[in-house]
Amino acid sequence: MFSYECVQDGQNVTVSFKGDLDIEVTETMEEIIKKLQPFQYVHINLGEVPFVDSTGIGLLIHLVDTLKQENKDVTISHIQPDVEEVFKIIQLKEILGEEIFAR
Amino acid sequence: MYVNEYRRICELTSSNDHSIDERLEREIKLARNIQAKLLNGFPRINGAEIQGISIPARLIGGDYYDFYRLENGNIRMVIGDVMGKGIPAAMLMILTRGAFRSASESTTSPAETLAAMSKALYQDLRSLKSFVTLFCADWNPITNVLTYASAGHNMPLFVNGKEKKIVDPPKASGVMIGAFSNQVYEEKSVKLEENNMIFFYTDGIVEAENKNREQFKHERLINILLEHSHKSVDAIKKYVVEAIHRFTEGVPPKDDITMVILKIHQESNTISFIHSKE
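Below is a short write-up of the structure.

Quick notes on the rules
- Residues numbered from 1 in each chain as written.
- Chains lettered and ligands numbered in written order.
- Predicted model: local features only at pLDDT ≥ 70, side-chain atom pairs only at ≥ 80, totals over all residues.
- Heavy atoms only, no water.
- Helix = DSSP H or I, 4+ residues; strand = E, 2+ residues; numbered from the N terminus.
- Buried < 20%, exposed > 50% of the residue type's maximum accessible area, 1.4 Å probe, protein only.
- Contact = heavy atoms within 4.5 Å.
- Areas by Shrake-Rupley, 256 points an atom, 1.4 Å probe, with all protein chains shown as cover.
- Pairing = 2+ DSSP bridges.
- Axes fitted to C-alpha atoms, helices over the stretch in contact; angles between N-to-C directions.
- Left-handed = near helix turned anticlockwise from the far one by under 90°.
- Nonpolar A, V, L, I, M, F, W, Y, C, P; charged D, E, K, R; others polar.
- Buried area = accessible area lost by both parts, 1.4 Å probe.
- Salt bridge = Lys/Arg side-chain N within 4 Å of Asp/Glu carboxyl O.
- Polar contact = N/O pair within 3.5 Å; in protein donor to acceptor, adjacent residues only side chain to side chain.
- Core = buried A, V, L, I, M, F, W, Y, C linked by side-chain atoms within 4.5 Å.
- Expected span 1.5 Å × (residues − 1).
- Arc of directions from axis to C-beta.
- 1 Å grid on protein atoms, 1.4 Å probe; cavity = no way out; pocket = protein on both sides within 12 Å on 5 of 7 lines; lining within 4 Å.
- Points joined across faces, edges and corners; volume = space filled by probe spheres on them.

### Thoughts on the overall build of chain B
Okay, step 1: Tallying secondary structure elements over chain B gives five helices and twelve strands in all.
Okay, step 2: Each of the 278 residues in chain B was classed as buried or not, and the buried ones make up 51%.
Okay, step 3: A separation threshold of at least 6 residues defines the contact pool for chain B, and within that pool the share at least 24 residues apart is 74%.
Okay, step 4: When the accessible surface of chain B is split by element, carbon and sulfur atoms take 53% of a total near 13,700 Å².

### Section: the sheet that holds strand 5 (residues 132-139) of chain B
All names here are of chain B.
Okay, step 1: Pairing is antiparallel across the open sheet formed by five strands, whose spatial order is 3-4-5-6-9. The sheet terminates laterally at strand 3 (63-69) and strand 9 (188-191), the two strands that pair on one side only. Each neighbouring strand pair of the sheet contributes to a mean axis angle of 20°, computed without reference to strand direction.
Okay, step 2: Note that strand 6 (residues 145-151) and strand 9 share four bridges and pair antiparallel. Within strand 9, the residue paired with Leu-146 across the bridge is Val-190.
Okay, step 3: Along the sheet, helix 2 (residues 86-106) makes contact with strand 3, strand 4 (75-82) and strand 5, crossing strand 3 at roughly 20°.

### Points about the packing of helix 4 (residues 217-228) of chain B against helix 5 (residues 233-248) of chain B
All names here are of chain B.
Okay, step 1: Interhelical geometry of helix 4 versus helix 5 gives an angle of 145° and a closest axis separation of 10 Å. When you trace helix 4 past helix 5, the crossing you get is right-handed. Contacts from Arg-220, Leu-221, Ile-224, Leu-225 and His-228 in helix 4 reach Ile-236, Tyr-239, Val-240, Ala-243 and Phe-247 in helix 5.
Okay, step 2: When its residues are assigned to classes, the contact of helix 4 with helix 5 shows eight nonpolar, one polar and one charged.

### So, the interface of chain A and chain B
Okay, step 1: Taken together, the 21 residues of chain A in the interface contact 25 residues of chain B.
Okay, step 2: Summed over both partners, the interface of chain A with chain B comes to about 1,800 Å²; 57% of that surface belongs to carbon and sulfur atoms.
Okay, step 3: Counting the contacts that link chain A with chain B gives five salt bridges.
Okay, step 4: The closest approach of N and O atoms between Arg-213 of chain B and Asp-20 of chain A, which form a salt bridge, is 2.4 Å.
Okay, step 5: Counting across the chain A and chain B interface gives four residue pairs in polar contact (both at pLDDT 80 or more).

### Considerations on the nonpolar core
Okay, step 1: With 48 residues, the main nonpolar core has Trp-139, Leu-146, Phe-200 and Leu-262 of chain B as its most contacted residues.
Okay, step 2: Each residue touching Leu-146 of chain B, except ones within four places of it in the same chain, is listed here: Ala-137, Asp-138, Trp-139, Phe-158, Lys-188, Ser-189, Val-190, Leu-192, Ile-198, Phe-200 and Leu-262 of chain B.
Okay, step 3: Val-15, Ile-61, Leu-67 and Val-83 of chain A belong to the second largest nonpolar core, which has 41 residues in total.

### Digging into the packing of helix 2 of chain B against helix 3 (residues 110-127) of chain B
All names here are of chain B.
Okay, step 1: Interaxial distance between helix 2 and helix 3 falls to 9 Å at its minimum, and their mutual angle equals 145°. Every pair of crossing elements has a handedness; the one defined by helix 2 and helix 3 is right-handed. Of the residues in helix 3, those in contact with Leu-92, Leu-95, Thr-96, Ala-99, Phe-100, Ala-103 and Ser-104 of helix 2 are Thr-113, Ala-116, Met-117, Leu-121, Asp-124 and Leu-125.
Okay, step 2: Class assignment for the residues of the contact of helix 2 with helix 3 results in nine nonpolar, three polar and one charged.

### A short note on helix 5 of chain B
Side chains of residues three or four places apart in an α-helix project in the same direction, reflecting 3.6 residues per turn.
All names here are of chain B.
Okay, step 1: For helix 5, spanning 16 residues, the distance from its first C-alpha to its last is 23 Å, which sits close to the expected 22 Å at 1.5 Å a residue.
Okay, step 2: Every buried residue of helix 5 is listed here: Val-233, Ile-236, Lys-237, Val-240, Val-241, Ala-243, Ile-244, Phe-247 and Thr-248. Considered in projection along helix 5, the buried side chains sweep an arc of 160° and stay on one side of the axis.
Okay, step 3: Buried positions along helix 5 lie against strand 2 (48-55), strand 10 (196-201), helix 4 and strand 11 (257-264).
Okay, step 4: Positioned one or two residues after helix 5, Glu-249 has a phi angle of 45°, which is positive.

### Description of the layout of surface pockets
Okay, step 1: Approximately 910 Å³ is the volume found for the largest pocket.
Okay, step 2: Contributions of two or more residues to the lining of the largest pocket are made by helix 2 (54-69) and helix 3 (81-90) of chain A together with strand 7 (157-160), strand 8 (165-167) and helix 4 of chain B.
Okay, step 3: It is helix 3 of chain A that contributes the most residues to the lining of the largest pocket, seven residues altogether.
Okay, step 4: What the second largest pocket holds in volume is close to 410 Å³.
Okay, step 5: Only helix 1 (26-36) and helix 2 of chain A together with helix 2 of chain B provide two or more residues apiece to the lining of the second largest pocket.

### Notes on the sheet that holds strand 7 of chain B
All names here are of chain B.
Okay, step 1: Across the sheet, which stays open at both edges, the five strands sit in the order 2-11-10-7-8 with antiparallel pairing between neighbours. Each having just a single partner strand, strand 2 and strand 8 make up the two edges of the open sheet. The sheet shows a mean angle of 20° between the axes of neighbouring strands, direction not considered.
Okay, step 2: Sheet topology places strand 7 next to strand 10; four bridges connect them, and they run antiparallel. Bridging across to strand 10, Asn-160 finds its partner in Asn-196.
Okay, step 3: Strands strand 2, strand 10 and strand 11 of the sheet are contacted by helix 5, whose axis makes an angle of about 30° with strand 2.

### Focus: the environment of Ser-19 of chain B
Residues and elements named next belong to chain B.
Okay, step 1: Within the secondary structure, Ser-19 sits in helix 1 (residues 2-38).
Okay, step 2: Note on Ser-19: relative accessible area 35%, which makes it partly exposed.
Okay, step 3: The spatial distance from the C-alpha of Ser-19 to the C-alpha of Val-132 is 35 Å, given a sequence separation of 113 residues.

In structure tokens, the structure reads:
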């Protein structure tokens, strides 16, 4: 079961995803996008996401693209090794931009 | 009186819902049949074997594979995964199939095919917020050279049947279809030899989960391929499917499971196409 938590600090917000990022998250992602609207700096923490499928990657791209179109600064961090492998195959860094992936 | 009227409306709505359900079920079955037929033509090759299977996670799926016989006698093959599942993914799969067939008519290499498909599908995929990963390969049955390109799709597994080991061919890089409008794809080649087997697949296989949420993983798949590499591709296909079923112990699949297996028996081959009745 997917859930998320937002922790805000002024213009910064950290959104932590918990659970698999897959087709079940489709509606929740629209809700997340709305919740992140007021913030300039968005940090997406994937530390508790053990699995991402192709639909989940699509949702993540949609989230980042929407936030970037609104000129927000976005970072993604704490990627689990299995998820990192999927991102690598799909070449997500090339698609979203290397600078988004926090070290 | 109002109660009776309300009851009657409820009965009418319920009977209408029932007929809508039946109609939907019938149409989904028809769609499933269409999809199964489109995924059922395999080239028949003297001196080599090729087989594929796609098992949708839901009633119909978004995974895709196809073969196209080129004028120069080569076989172009493609395997792919459309983002999403069920009916929406199946609709995009049909769109992808059309783009592959049309691109294969006018392009001379896998990289060119992927670039043409990317160009053709980009606008639609962007507006639908979707994408497709694809691996495309041209196999020359005379020289046994396999030339390939990838659009964000995993590399196939190359099995050396003589030495019973997996070999790592050069990786071809390229982003998925739908990410950029004018994408250029890298192309690599490998020379195949007798008893070599190429296992093209989608991530639904290695990511299949059991009730403990463990994944099937590459290791299990590789072990099966090495153990049975001397058998027919049809048998290997069945061993892989059975192993996944055994491993998942009835846990419903999260993703479609698709594989295409090419196995070389002798150095030079001739080809014809058959439409399987399976």
